[in-house]
Structure formats: structure tokens, C-alpha cells
Amino acid sequence: MIKPLADIVVVDFSQFLSGPSASLRLADLGARVIKVEKPQTGDICRHLYVSEAIMNGVSSIFHAINRNKESFVADLKAEADRKDIRELIRYADVVMHNFRPGVMERLGFDYESVREINPEVVYGEISGYGSEGPWKNKPGQDLLVQALSGLTWLSGNGTKGPVPMGIAVVDIITGAHLAQGILACLVRKGISGQGGLVQVSMLESIIDFQFETITTFYRDGGQPTVRSDKNNAHAYLGAPYGIYKTKDGYIALAMASVPQLGLLLGCAGLMHYQQIDSWFTRRDEIKGILADHLQSETTNYWLQILEPADIWCADVLTWDQLMNHEGFKVLDMIQEVNMEDGYRFQTTRCPISIDGERLVSPVGTPKLGEHTESILEEILAKQTVPR
């Protein structure tokens with residue numbers, strides 16, 4: 001399959017997670033991604049202590065987010081290297097970064113400077129909090145943005161403190177938004193020849209991620225968010241929405257009629273809540289009754305009752321359980337990739353299929369500066385041919 005972004009060249013200055021996750025998606029869609037890194041140290045994510053898992057000399061997270069790319073080493077403060085970068089930009093379709101506001105201006109690779117070199121460029125940038133306001137120079141780190149965004153007051157039970165999501169959700173959502181904006185500008189460029197500037201911030205992205213709850217917040221006149229005290233899974237949804245302990249595990253219950261659940265489960269206590277309003281106003285009572293009752297039997301016992309009745313429910317799986325299940329295996333979500341030195345590792349593939357084909361790539365993570373010389377030779381060759 002010829003991938004949709006074949007022949008698109010991306011020069012990526014970004015590091016750590018948000019920007020590299022965007023360029024990873026572009027690479028999976030067929031783009032050639034050239035990752036610009038510092039000499040000696042490279043992307044800070046190569047050695048940042050995000051986990052104790054070191055793979056072939058660098059962190060596991062770097063491998064997960066930077067496969068299928070090329071590495072070009074350049075000192076952006078050295079004029080000889082800056083000249084090489086300018087030539088590289090001349091032949092790029094996309095240039096992107098996730099530095100704090102003002103950094104690329106000081107280096108001479110901001111949008112206006114890059115557009116002088118390449119007028120049709122699509123330029124993407126990620127900031128932590130936008131280019132204006134009192135937070136613009138704060139570090140754009142995932143947990144910190146979660147903390148400021150209100151997100152941490154949606155998870156966990158009402159009697160507990162704020163609970164962050166246990167994954168870098170802000171980074172990944174922001175990267176997805178940047179990729180969307182870049183793709184939109186590439187479509188426009190294909191139609192009119194006009195490039196563009198795509199700007200996203202981590203704070204705006206995670207606020208948009210909460211569009212459902214924020215809309216409800218405004219509809220409620222700004223009333224405080226109230227999580228249920230028991231089995232909370234959504235601060236604005238009534239009973240039975242949540243995860244409950246069973247005799248041998250856990251079961252997830254989504255939206256459902258409370259009295260219907262009482263009838264199906266043989267739980268007389270639930271039959272008293274006939275009015276839909278009570279599922280919200282008395283949700284902690286309902287959840288307490290339900291939680292006690294569900295512990296009397298196994299997860300599978302309850303699923304065999306609820307699933308045939310078309311009640312939205314599910315087992316709550318660990319990764320081991322998930323990956324051994326046929327429902328996971330049939331998706332073929334894990335691929336093996338290979339580095340140039342022969343090192344192999346398993347990671348997830350792109351979740352997108354096009355024309356019935358899954359987007360996979362066997363290309364692993366680049367060693368620091370692995371492609372610098374070959375790219376310089378390529379640039380030199382192109383300089384003899386008019387653009």
C-alpha cells in the first residue's frame with residue numbers, strides 16, 4: 001500500500017512526548033520524519049527517568065514514541081549546523097517543534113524565519129499554555145497541566161483528593177491535535193499551494209478533552225463538580241455508572257435502568273429507585289446497595305445475566321488478561337520493529353486502517369545521529385537541482 005503521506009518530509013525539532021507523538025502519527029501515515037537532536041545527548045526523552053526499563057541504551061518511552069523516524073544531529077547554536085538545518089528546511093513540507101514561546105525566535109527558526117526559506121511550509125508548534133498570559137513560561141509538563149486544568153477533580157471518589165490520570169494523556173491528546181492541524185494544512189496546501197501555521201497548547205488541548213463536562217458545568221451555572229462518594233467513574237453521571245468489586249474481580253457498569261438492574265440481579269434494594277432523578281440525587285445510596293450485592297457472585301456470573309439483557313457492562317481486565325484474550329489478539333495491535341544494529345522490540349502499531357489495510361512499519365528507533373551523514377549528502381545533491 002502507498003501510504004497517504006508518502007513523499008511528505010517532516011523536519012521535527014520536538015522532544016519528549018507531545019511533539020514526537022504527533023510526528024509518530026505522521027510517520028505511520030507514510031511521512032518521512034527527520035528528527036533534529038542535540039549532539040551527544042539528543043532528545044531528553046532518550047535518558048529521562050520515566051521508567052526503569054532501558055532498551056538498547058535508552059528509555060523504553062523513547063523507543064515507543066520515536067520509531068519509524070530518522071535522527072539528524074545538529075547544534076542549533078552553531079552557525080555551520082544552522083546552515084545545514086536551513087537547507088534541510090528548504091526541502092521540507094512540514095516543520096514542527098514543542099519549545100517554550102520565544103525559543104525558536106531566538107534560534108532563528110520561528111515560523112516567519114522558516115517561511116522566508118520555504119514559503120509554502122506547514123509549520124506546527126506546541127506550547128504548554130499558549131503564547132500569552134501569566135502561564136506562558138511555565139513548564140509544559142503533563143502532570144502539571146493536568147493539575148491546572150481541572151481534570152484531576154473528575155476521577156476518584158468524592159471524599160478523596162484530586163486524582164491524575166495514570167498516563168500522559170495531555171501529551172498524547174496535544175500531539176493528536178497538532179497532527180490534525182498539520183494534516184488540514186497539508187490538504188489546503190495540496191489545493192491552493194498555501195502552507196500555514198498550526199498552533200496548539202497543552203492546556204487548550206486538555207480543556208477541549210473535557211468538552212462534555214465543561215459544557216455541563218456551564219449549563220449548571222458553574223456549580224462545583226461533585227464526584228460520587230462511591231465507585232465514581234464520571235462526576236456528572238448518575239448510578240450505576242462505575243466499577244464494582246465482585247467475588248473474584250471487578251465489573252464495569254455503564255448507563256442502565258436502576259430498577260431493571262434490581263430485577264435482573266435479584267437485588268430488591270434497587271427496586272425502590274423508580275424515578276430517573278433519583279439515580280442522580282441518590283446515586284451514592286444506589287451505588288452502596290449495588291456494590292454490596294455484586295460482591296456475592298463472580299464477575300462472569302453477573303456478565304452472563306446482564307449481557308443477554310443488553311445491559312452495558314464489561315469485565316475489568318489487567319494487561320495480562322487483555323493480551324491473552326481473543327478480542328485483543330484479533331486486532332493484531334502489537335508489531336515487532338527492528339533497529340539498524342539488529343535490536344528488536346515489540347510495541348503498538350498505528351490504530352488506523354486505510355482501504356482495509358492496517359498501518360504497520362518494521363522500522364525501529366534511530367540511534368542518535370544515525371542518519372546525519374546520509375541526509376547531508378542528500379541535501380548537497382539537491383542543491384545542484386533547482387527546487
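None of these values were measured; they are calculated from a predicted model.

Turning to the overall build of the protein, a few remarks are in order. A count of helices and strands for the protein gives 16 helices and 15 strands. Seen through its principal axes, the protein has C-alpha atoms that stretch 85 × 45 × 40 Å. Long-range contacts, defined here as pairs at least 24 residues apart, represent 68% of the contacts in the protein between residues at least 6 apart. Carbon and sulfur atoms make up 55% of the accessible area of the protein, which amounts to about 20,300 Å² in all. The positive charge centre, built from 36 side chains, and the negative charge centre, built from 48, are 3 Å apart in the protein.

What follows concerns the sheet that holds strand β6 (residues 94-97). With parallel pairing, 6 strands are arranged side by side in an open sheet as β5-β2-β1-β6-β7-β8. Of all the strands in the sheet, the pair left with one neighbour each is β5 (70-73) and β8 (196-201). Strand-to-strand twist in this sheet, taken as the mean axis angle between neighbours without regard to direction, amounts to 20 degrees. Where strand β1 (residues 9-12) lies against β6, 3 bridges are found, and the strand directions are parallel. Along β6, the bridge assignment pairs Val-10 with Val-94.

Counting 34 residues, the largest nonpolar core has Val-10, Leu-26, Leu-178 and Ile-182 as its most contacted members. With 8 residues, the single largest contributor to this core is helix α7 (residues 169-192). Setting aside residues no more than four positions away along its own chain, Leu-26 makes contact with Leu-5, Val-10, Ala-31, Met-96, Ala-179, Ile-182 and Leu-183. If you look at the next biggest cluster of nonpolar residues, it comprises 23 residues, including Val-9, Phe-72, Ile-117 and Tyr-123.

Counted according to the given criterion, the structure contains 15 salt bridges. Here Glu-79 ties to Arg-86 by a salt bridge, and the two come within 2.4 Å at their closest N and O atoms. A residue is classified by how much of its surface remains accessible, and Glu-79, at 46% relative accessible area, is partly exposed. Put simply, Glu-112 and Arg-115 hold a salt bridge, and the shortest N to O gap is 3.0 Å. Of the two residues, Glu-112 and Arg-115 both sit in helix α5 (residues 111-117), 3 residues apart, roughly one turn of that helix. The exposure class assigned to Arg-115 is partly exposed, which follows from its relative accessible area of 35%. Connected through salt bridges with shared partners, the residues Arg-32, Glu-70, Glu-378 and Lys-382 form a single ionic network.

It is worth spelling out the sheet that holds strand β10 (residues 250-253) at this point. An order of β9-β10-β11 is seen for the 3 strands of this open sheet, with the pairing classed as antiparallel. The open sheet terminates on both sides in strands that have one partner only, identified here as β9 (242-245) and β11 (313-315). Averaged over all neighbouring strand pairs, the angle between strand axes comes to 25 degrees, with direction disregarded. Sheet topology places β9 next to β10; 4 bridges connect them, and they run antiparallel. Pairing of Gly-242 across the sheet is with Leu-253, part of β10. Packed on one face of the sheet, helix α12 (residues 283-294) meets β9 and β10 and runs near 40 degrees to β9. Along the sheet, helix α13 (residues 299-306) makes contact with β10 and β11, crossing β10 at roughly 30 degrees.

Conventions we followed
- Residues numbered from 1 in each chain as written.
- Predicted model: local features only at pLDDT ≥ 70, side-chain atom pairs only at ≥ 80, totals over all residues.
- Heavy atoms only, no water.
- Helix = DSSP H or I, 4+ residues; strand = E, 2+ residues; numbered from the N terminus.
- Contact = heavy atoms within 4.5 Å.
- Areas by Shrake-Rupley, 256 points an atom, 1.4 Å probe, with all protein chains shown as cover.
- Lys, Arg positive; Asp, Glu negative; His and termini not counted.
- Charge placed at Lys NZ, Arg CZ, Asp CG, Glu CD.
- Pairing = 2+ DSSP bridges.
- Axes fitted to C-alpha atoms, helices over the stretch in contact; angles between N-to-C directions.
- Core = buried A, V, L, I, M, F, W, Y, C linked by side-chain atoms within 4.5 Å.
- Buried < 20%, exposed > 50% of the residue type's maximum accessible area, 1.4 Å probe, protein only.
- Salt bridge = Lys/Arg side-chain N within 4 Å of Asp/Glu carboxyl O.

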